[in-house]
Amino acid sequence: MNMRPPMKKLKVATASLSGCLGCHMSLLDIDERLLELVKLVEFDRSPITDIKSCGPCDIALIEGAVCNSENVHVLRELRRNCKMLVAVGACAVTGGLPAQRNRFDVGEILERCYCEMPGTQSKVPDDPELPLLLDKVYPLNEIVRVDYFIPGCPPSGDALWKYLTDLISGRMPRLDYQSFRFD
Amino acid sequence: MTEAIVEPEVLEPIIARYNGDPGNLLQILIEAQNALDWLSPGTQGFIAKSLDIPVTHVAAVVQFYTHLYDTPRGKYRVLFSHNITDRMAGSPTLMAHMLKRLKLKRGVVSDDGLVSVGKTSCTGMCDQGPALLVNNRAITRLTLRRIDEICDLIRARAPLANWPAHYFRVEDNIERADMLLGSAYAPGEALRAAIACGPTGMMAEMKRSNLRGRGGAGFTTAVKWEACRDAPGDERYIVCNADEGEPGTFKDRVLLQSFAERVFEGMAIAGYCTGARKGLIYLRGEYTYLRAPLEAKLSDFRRNRLLGMGICGVPGFDFDIAIHLGAGAYVCGEETALIESLEGKPGRPRIRPPFPVTCGYKNQPTVVNNVETLCKVTEVAIHGGLAYAGTGTRQSAGTKIISVSGDVERPGLYEYPFGVRVSQVLEDAGAYDAIAVQISGAAGQCLTPQEFGRRIAFEDVPTSGSFMVFGNNRDLFEAALNYAHFFEHESCGFCTPCRVGTALIARILEKIHSGHGARYEFNELNRLHQLISTSSHCGLGTTATNALHDIMTKFPTVFDRRLIRRDFEPGFDLDAALARAREVAGRDDANAHLDAHLGEGVDA
């Protein structure tokens, strides 16, 4: 895609909450267009840069659902600092695979894993360093306001490229029928 | 689940009565449930085998209709009418009282398998609510005392037939009568007048009358009849749409209770003009109590040669009417869904075209008319088309029956010539402090007092005939939430915009109701309204958000005072969502808690 570089590089933060990083892998699938992308944007907090907390940004791309207190903190930090927040992939949009645990009581799940399975000690870990699990796995839009949603498990590299370039050039992002998918 | 017991001696006669015809599957299931209280897997399997159809077909029908049960619901199945007018009349308190008396949770059967209590969509008793259904029999004018009596009767296992008859009395409440409700009826007069004109002459009278359908859409009846008459087909059908499911509408109930002869004659005249020999009345399940009197009147008609072979002695004029029951599905008021239901299938709307007039019941040319429309046909026959067109307005000839309920002194039926102002109806009904009127039920529009000068007519405010009046102590948000739950429940689930959209609307309204909604949610409602109303498959979806949109735009304070100023907040308590994990981990440190809000800097 032929694009005029913007006056000032936009800042992009990305994060994976309770996801598999598959959406980030999909972002890498834009291949050589990555070189074009880094001409247009600068990455702040992201697994790509390994920066752990983010400053003021323009766009946040977030994959994964919200399943524990740390996810809430990360999501809120990104919401606070980013002008535009995009839920990327099935988990971020609907809860996805992690939300399969929503049929069970979280207390029972923890006890089963840490107390009843063979080889476990009979105690649920209580280190204050550990994030606590929420009663259910939530999609992003139940915790913070979300500006855009890109469904897909994962969305294709082409879909992410189209979405990002639309956003960067100030257009309403649109996906055509082929790249808009839910699986 | 209880062991599935099949009772062939119960089922076989029912199936035989319906000739083992899979087209009568819905009727067979309704009767089977009346006899057995629920439709066990064994019952469904037996019926499937007897009709030689896959058991999945039977299960699909059972699961589609709200009033068919594939799990036990007790010997007494109590359903409170959940319409907004019943709620305003105190139905939530009454239901809570009954649940307490019977020590029950809503929707859960009592341990002894005796009784269950739940909610159902509008039962069409809005002028004499709050109302409930017990095993599909309507009980009106509920009070705490009557609830106590009902609880005692249920506990004593008294058969429904032995319950006091006045419980089941349904009043007509005709408050203003005009051409239809006020005229005397002479048996066969309309039919003989039509026969005197001949089929083409009568069709010409219908054209001259400019009679339009009273179900709400207002399609010209003569055009429909002509299209049916001229369509190629082996057999033609006249269907009377008595699936009066639109919340707040109850005129068809009164017409079928006290003016049924005119409906029959209207159908016979339609048959005479179109060449149809068979008529079907699709009666909603909530009006099952009307079936026996209707059958008796049909027998009288046949005896007096107003139905059957050679009607009024005219050779070749053969027409007869059968009654089909529905089982709790609002969407079956849509004509193609109704036809699907008549054919014994789940009531999912068909893709149109082809329209029923060329390809309807059993894929034959079919006229589907509203109960009131068919009554009006008799007026056209007796007085002639020109005389009929003389009342009302230019595009809306004749009179219209309006069902008035809610905050009025005299709820009931009001018949006016078309063109009457909304304010006139309100004044006559004794609505002195109305802040809003919901016209045409949940799918219609919500009028503000500034609009009360508008006229009831297809040119201005079209209506299927319902006025739900809200007094100045009412919160229209409650109405919006009620309609949202109604449509979520009644969506047939066939198309995604309606199935998912109506549920999303309900969730967002619940969030606003709980005090967590922001401007963001309000904007989402607008977006969903645009989406659902433009991309749904049938009229249910396209109209499902009309009232909501009216309330949002015309009554801004209804939402404004409920929305939080914050940019966004979760619809639940985040800290409480950690409580279970805190408990099993035995933690209560600072990291084991979450603030309710996002933190500084984002509050608007």
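All of these numbers come straight from a predicted model, not from anything done at the bench. (Residues numbered from 1 in each chain as written. Chains lettered and ligands numbered in written order. Predicted model: local features only at pLDDT ≥ 70, side-chain atom pairs only at ≥ 80, totals over all residues. Heavy atoms only, no water.)

## Structural notes on the interface of chain A and chain B
Phase 1 of the analysis: Counting from both sides, the interface comprises 30 residues of chain A and, opposite them, 25 residues of chain B.
Phase 2 of the analysis: Both faces considered, chain A and chain B share a buried interface measuring about 2,300 Å² in area, 62% of it formed by carbon and sulfur atoms.
Phase 3 of the analysis: Looking at the side of chain A facing chain B, the largest losses of area belong to A:Arg76, A:Leu132 and A:Arg145, adding up to 29% of the total buried there.
Phase 4 of the analysis: On the surface where chain A and chain B come into contact, there are two salt bridges.
Phase 5 of the analysis: The partner of A:Asp105 in a salt bridge is B:Arg580, with the nearest N and O atoms 2.8 Å apart.
Phase 6 of the analysis: Between chain A and chain B we count eight residue pairs in polar contact (both at pLDDT 80 or more) in total.
Phase 7 of the analysis: Put simply, the parts of the chain that give the side of chain A that touches chain B at least two residues each are helix 3 (69-81), helix 5 (106-116) and strand 6 (133-138) of chain A. (Contact = heavy atoms within 4.5 Å. Buried area = accessible area lost by both parts, 1.4 Å probe. Salt bridge = Lys/Arg side-chain N within 4 Å of Asp/Glu carboxyl O. Polar contact = N/O pair within 3.5 Å; in protein donor to acceptor, adjacent residues only side chain to side chain. Helix = DSSP H or I, 4+ residues; strand = E, 2+ residues; numbered from the N terminus.)

## A few points about the nonpolar core
Phase 1 of the analysis: B:Tyr65, B:Leu68, B:Ile269, B:Phe319 and B:Phe559 are the most contacted members of the largest nonpolar core, which totals 147 residues.
Phase 2 of the analysis: Discounting residues that sit within four places of it in the chain, B:Phe319 has contacts with B:Ile238, B:Met267, B:Ala268, B:Gly271, B:Ala276, B:Arg277, B:Lys278, B:Gly279, B:Leu307, B:Gly308 and B:Ile311.
Phase 3 of the analysis: Counting residues in each nonpolar core, the second largest holds 34 residues, with A:Ala60, A:Leu110, A:Tyr138 and B:Val584 among its members. (Core = buried A, V, L, I, M, F, W, Y, C linked by side-chain atoms within 4.5 Å. Buried < 20%, exposed > 50% of the residue type's maximum accessible area, 1.4 Å probe, protein only.)

## Structural notes on the UniProt feature "domain: NADH:ubiquinone oxidoreductase-like 20kDa subunit" (unreviewed entry) in chain A
Phase 1 of the analysis: UniProt records the feature "domain: NADH:ubiquinone oxidoreductase-like 20kDa subunit" (unreviewed entry) for residues 20-166 of chain A in the present numbering.
Phase 2 of the analysis: Between the end C-alpha atoms of residues 20-166 of chain A there is a gap of 26 Å, over a span that is 37% helix and 20% strand. (UniProt positions renumbered as here; feature names shortened; annotations may be inferred.)

## Focus: the pattern of salt bridges
Residues and elements named next belong to chain B.
Phase 1 of the analysis: Applying the stated rule across the entire model yields 61 salt bridges over all chains.
Phase 2 of the analysis: Note that Glu 171 is salt-bridged to Arg 169, the shortest N-O span being 3.0 Å.
Phase 3 of the analysis: The exposure class assigned to Glu 171 is partly exposed, which follows from its relative accessible area of 28%.
Phase 4 of the analysis: Among the charged side chains, a salt-bridge network with shared partners connects Arg 214, Lys 251, Asp 252, Glu 372 and Lys 400.

## Side note on the domain arrangement of chain B
Residue and element names in this part refer to chain B.
Phase 1 of the analysis: Split into domains, chain B comes out as domain 1 (8-64), domain 2 (76-171), domain 3 (176-389), domain 4 (399-474) and domain 5 (477-560).
Phase 2 of the analysis: Placing the centre of domain 4 and that of domain 5 at their C-alpha centroids yields a distance of 23 Å.
Phase 3 of the analysis: Counting residues at the interface gives 13 residues for domain 4, matched by eleven residues for domain 5.
Phase 4 of the analysis: For the pair domain 4 and domain 5, the summed buried surface comes to about 850 Å²; carbon and sulfur atoms form 64% of the total.
Phase 5 of the analysis: Of all residues in domain 4, Ala 442, Ala 443 and Cys 446 give up the largest surface area on contact with domain 5, accounting jointly for 53% of the area buried on that side.
Phase 6 of the analysis: Across the domain 4-domain 5 interface, the total number found is one salt bridge. (Domains from an automatic or database assignment.)

## Thoughts on the packing of aromatic side chains
To describe a pair of aromatic rings, you give the distance between the ring centres and the angle between the ring planes.
Residues and elements named next belong to chain B.
Phase 1 of the analysis: A full pass over the atoms with the stated rule returns 18 aromatic pairs over all chains.
Phase 2 of the analysis: Ring geometry for Phe 64 against Tyr 65: centres 5.0 Å apart, planes inclined by 75°, an arrangement best described as edge-to-face.
Phase 3 of the analysis: On the basis of relative accessible area, Phe 64 is assigned to the buried category, the value being 15%.
Phase 4 of the analysis: Of the aromatic side chains, those joined through ring pairs into one cluster are Tyr 76, Trp 163, Tyr 167 and Phe 168. (Phe/Tyr/Trp six-rings, centres within 6.5 Å; stacked < 30°, edge-to-face > 60°.)

## A closer look at the sheet that holds strand 11 (residues 412-417) of chain B
All names here are of chain B.
Phase 1 of the analysis: One open sheet accounts for six strands, arranged 5-11-10-14-12-13; its pairing is mixed. In this open sheet, the two strands that pair with only one neighbour each are strand 5 (174-176) and strand 13 (446-447).
Phase 2 of the analysis: Two strands pair when backbone bridges link them, and strand 10 (residues 399-406) and strand 14 (residues 466-471) are joined in this way by four bridges, in the parallel orientation. The residue of strand 14 that forms the bridge with Ser 405 is Met 468.
Phase 3 of the analysis: Set on the sheet, helix 17 (residues 476-490) makes contact with strand 12 (434-439) and strand 14; between it and strand 14 the angle comes to about 140°. (Pairing = 2+ DSSP bridges. Axes fitted to C-alpha atoms, helices over the stretch in contact; angles between N-to-C directions.)

## Remarks on helix 16 (residues 422-429) of chain B
Residues and elements named next belong to chain B.
Phase 1 of the analysis: Buried within helix 16 we find Val 422, Val 425, Leu 426 and Ala 429. Seen end-on, helix 16 carries its buried residues on one side only, within an arc spanning 95°.
Phase 2 of the analysis: Among the structural elements, strand 10, strand 11, strand 12, strand 13 and strand 14 are those in contact with the buried residues of helix 16.
Phase 3 of the analysis: Immediately beyond the C-terminal end of helix 16, within one or two residues, lies Gly 430, with a positive phi of roughly 80°. (Arc of directions from axis to C-beta.)

## Points about the layout of surface pockets
Phase 1 of the analysis: The calculated volume of the largest pocket comes to roughly 1,800 Å³.
Phase 2 of the analysis: Taken together, 44 residues form the lining of the largest pocket, with A:Asn141, A:Phe149, B:Leu504, B:Glu524 and B:Arg527 sitting closest to its centre.
Phase 3 of the analysis: For the lining of the largest pocket, the secondary structure elements donating two or more residues are helix 4 (89-94), strand 6 and strand 7 (148-150) of chain A together with helix 18 (496-513) and helix 19 (519-535) of chain B.
Phase 4 of the analysis: Reported here for the second largest pocket is a volume of approximately 1,300 Å³.
Phase 5 of the analysis: Along the wall of the second largest pocket there are 46 residues; nearest its centre are B:Gly215, B:Gly216, B:Ala217, B:Gly333 and B:Glu334.
Phase 6 of the analysis: Of the residues assigned to the lining of the second largest pocket, the class counts are 14 nonpolar, 21 polar and eleven charged. (1 Å grid on protein atoms, 1.4 Å probe; cavity = no way out; pocket = protein on both sides within 12 Å on 5 of 7 lines; lining within 4 Å. Points joined across faces, edges and corners; volume = space filled by probe spheres on them. Nonpolar A, V, L, I, M, F, W, Y, C, P; charged D, E, K, R; others polar.)

## Things to note about the environment of B:Gly571
Phase 1 of the analysis: With respect to the helices, strands and loops of the structure, B:Gly571 is situated in the loop between helix 22 (556-560) and helix 23 (579-585).
Phase 2 of the analysis: Since its relative accessible area comes to 34%, B:Gly571 is described here as partly exposed.
Phase 3 of the analysis: Considering only alpha carbons, one finds B:Gly571 and B:Gln63, 508 residues apart in sequence, at a separation of 31 Å.
Phase 4 of the analysis: Setting aside residues up to four positions removed in sequence, B:Gly571 forms contacts with A:Glu142, B:Lys511, B:Ser514 and B:His516.

## Quick word on the environment of B:Asp460
Residue and element names in this part refer to chain B.
Phase 1 of the analysis: Turning to its location among the elements, Asp 460 is positioned in the loop between strand 13 and strand 14.
Phase 2 of the analysis: Distance in space between the C-alpha atoms of Asp 460 and Gly 419 is 8.5 Å, their sequence separation being 41 residues.
Phase 3 of the analysis: Setting aside residues up to four positions removed in sequence, Asp 460 forms contacts with Arg 454 and Arg 455.

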